[in-house]
Amino acid sequence: MANHLLEWIKHPVLTSTIVPDSKRLSRLIIKMADISDADAVVELGPGSGGFTELILQNIPKKTKFFALEINPRFVKHTKKRCPGALVYEDNALNLKSYLKEHRLKHCDCIISGLPFTILSYELQEQLLKTIREALSPGGRFLTYTYVHRMNSKGNKRLRQLFEKHFDKLETSPIVWKNVPPAYVYCARKK
Ligand SMILES: C[S@@+](CC[C@H](N)C(=O)[O-])C[C@H]1O[C@@H](n2cnc3c(N)ncnc32)[C@H](O)[C@@H]1O
């Protein structure tokens, strides 16, 4: 079974934190995602499956859902925590080929636990371009960042990329009771 601290020791950049995200942060990101009537939802980097569990509780039966997670131990963990969830062991960059496999042109909502602010500029750009192309018109992309990274270069670049690839950006209040405190970005495509 995956353990955040152990996985962080082995893959610090990919894992990003030593503890799973709080219920409060998970609830906020799912509420902002507004998925109660979505046709297709995708999760990137589910980690230990906290968001996945709530996504499954908040989508109707008709909604198609799958997740892409690069770390096999987290894939196993999320599948065990959320039986029936489709969790593929793969890089989020391959999102479009999974949409195709599911006979989907687009999805309405992408929820991400990927550690965007510590990724290289090139990877941030590739991922956001892939995400925008995967979303339907009116689609939304949700991710979060930690307060201590608010003024980092990575977060500034991320905001610039939101401006370049998306049409509207909403920022949530800070969830102080998350460890570390965090806030959510919801970027929309027209
Ligand atoms: C901060 S953790 C997710 C935290 C999650 N919300 C939780 O509570 O466990 C980031 C996750 O993204 C995964 N990840 C990082 N880069 C990835 C990539 N390019 N494709 C897919 N998954 C990736 C990591 O393996 C890790 O599970």
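Up top you'll find the structure we're talking about.
Predicted model, so just to flag it, every value in this text is computed and none were measured.

Visitor: Looking at this structure, I do not really get the overall build of the chain. What am I missing?
Guide: Secondary structure assignment for the chain yields eight helices and seven strands. Taken over C-alpha atoms, the radius of gyration comes to 15 Å for the chain, in line with the 16 Å a tight globule of 190 residues would show. Along the three orthogonal principal directions, the C-alpha set of the chain runs to about 40 × 40 × 30 Å. Scored against the burial criterion, the 190 residues of the chain give a buried share of 39%.

Visitor: Can you help me understand the pairing of strand β2 (residues 64–69) in this one?
Guide: Consecutive side chains along a regular strand alternate between the two faces of the sheet. Pairing of strand β1 (residues 40–44) with β2, which is carried by five bridges, proceeds in the parallel orientation. Its bridge partner being in β2, E43 is matched across the sheet by A67. Read as a crossover between parallel neighbours, the route from β1 over helix α4 (residues 50–58) to β2 is right-handed. Between β2 and its parallel partner strand β3 (residues 87–89), the chain crosses via helix α5 (residues 72–81), and the hand of that crossover is right-handed.

Visitor: Can you walk me through the site of the ligand in this structure?
Guide: Taken together, 22 residues are adjacent to the ligand, and P20, G45, G47, A92 and G113 come closest. Tallied by class, the residues present in the shell around the ligand amount to 10 nonpolar, 10 polar and two charged.

Visitor: What is the right way to read the pairing of β1 from this model?
Guide: Among the five residues in β1, five count as buried, and that is most of the element. Residues of β1 alternate between two faces, with A40, V42 and L44 on one and V41 and E43 on the opposite face, all of them buried. Strand direction decides the pairing type here: β1 and strand β4 (residues 107–112), joined by four bridges, are parallel. Across the sheet, L44 pairs through a bridge with S112, a residue of β4.

Visitor: Even after reading the chapter, I still don't get unusual backbone geometry, so can you show me in this structure?
Guide: The bulk of non-glycine residues show a negative phi, and the bulk of peptide bonds are trans. The omega torsion across V179 and P180 is -10°, close enough to zero to call that bond cis. With respect to the element layout, P180 can be found in the loop between β6 (168–171) and β7 (182–188). Its identity as a non-glycine residue notwithstanding, D34 has a phi of 50°, on the positive side. Along the chain, D34 turns up in the loop between α3 (23–33) and β1.

Visitor: What am I meant to see in the environment of S112 here?
Guide: Within the element layout of this structure, S112 appears in strand β4. By C-beta crowding, S112 is classed as buried, having 22 other C-beta atoms within 10 Å. With 83 residues separating them along the chain, S112 and I29 place their C-alpha atoms 9.5 Å apart. Once residues lying within four places of it in the same chain are set aside, the contact partners of S112 are L44, G45, L142 and T143.

Visitor: Quick question: what am I supposed to make of α3 here?
Guide: A turn of α-helix holds 3.6 residues, and therefore any two residues three or four places apart point the same way. Here α3 has its buried residues at L25, S26, L28, I29, I30 and A33. Remark: D34 follows α3 within two positions and exhibits a positive phi of approximately 50°.

Visitor: Please clarify how the packing of α3 against α4 should be interpreted in this entry.
Guide: To characterise two packed helices, one gives the angle between the axes of the helices and the distance between these axes. Two numbers describe how α3 lies on α4: the axes approach to 9 Å, and their chain directions differ by 45°. One finds that α3 runs oblique with respect to α4. Crossing handedness for the pair α3 and α4: right-handed. Contact with α3, carried on its side by S26, R27, I29 and I30, involves G50, F51, L54, I55 and N58 of α4 and no other residues of that element. Per-class residue counts for the contact of α3 with α4 are five nonpolar, three polar and one charged.

Visitor: Could you clarify how one ought to interpret the sheet that holds β6 in this entry?
Guide: Two pairing modes exist for strands in a sheet, parallel and antiparallel, and in both the strands are linked by backbone hydrogen bonds. Read from one edge to the other, the open sheet built from seven strands follows the order β3-β2-β1-β4-β5-β7-β6, with strand pairing classed as mixed. Of all strands in the sheet, those with a lone pairing partner are β3 and β6, marking the two edges. Going from strand to strand, the sheet's axes swing by 20° on average, the running direction of each strand aside. Across the sheet, α5 touches β2 and β3, and the angle it forms with β3 is around 165°. Helix-sheet contacts for helix α7 (residues 121–134) involve β4 and β5 (135–146), and the interaxial angle to β5 is about 145°.

How each quantity is defined
Residues numbered from 1 in each chain as written. Predicted model: local features only at pLDDT ≥ 70, side-chain atom pairs only at ≥ 80, totals over all residues. Helix = DSSP H or I, 4+ residues; strand = E, 2+ residues; numbered from the N terminus. Rg over C-alpha atoms; globule rule 2.2 N^0.38 Å. Buried ≥ 20, exposed ≤ 12 C-beta atoms within 10 Å, placed from the backbone. Pairing = 2+ DSSP bridges. Right-handed = clockwise from strand over helix to strand, strands pointing away. Near = placed C-beta within 6 Å. Nonpolar A, V, L, I, M, F, W, Y, C, P; charged D, E, K, R; others polar. Contact = placed C-beta atoms within 7 Å. Axes fitted to C-alpha atoms, helices over the stretch in contact; angles between N-to-C directions. Parallel < 35°, antiparallel > 145°, perpendicular 65-115°, else oblique. Left-handed = near helix turned anticlockwise from the far one by under 90°.

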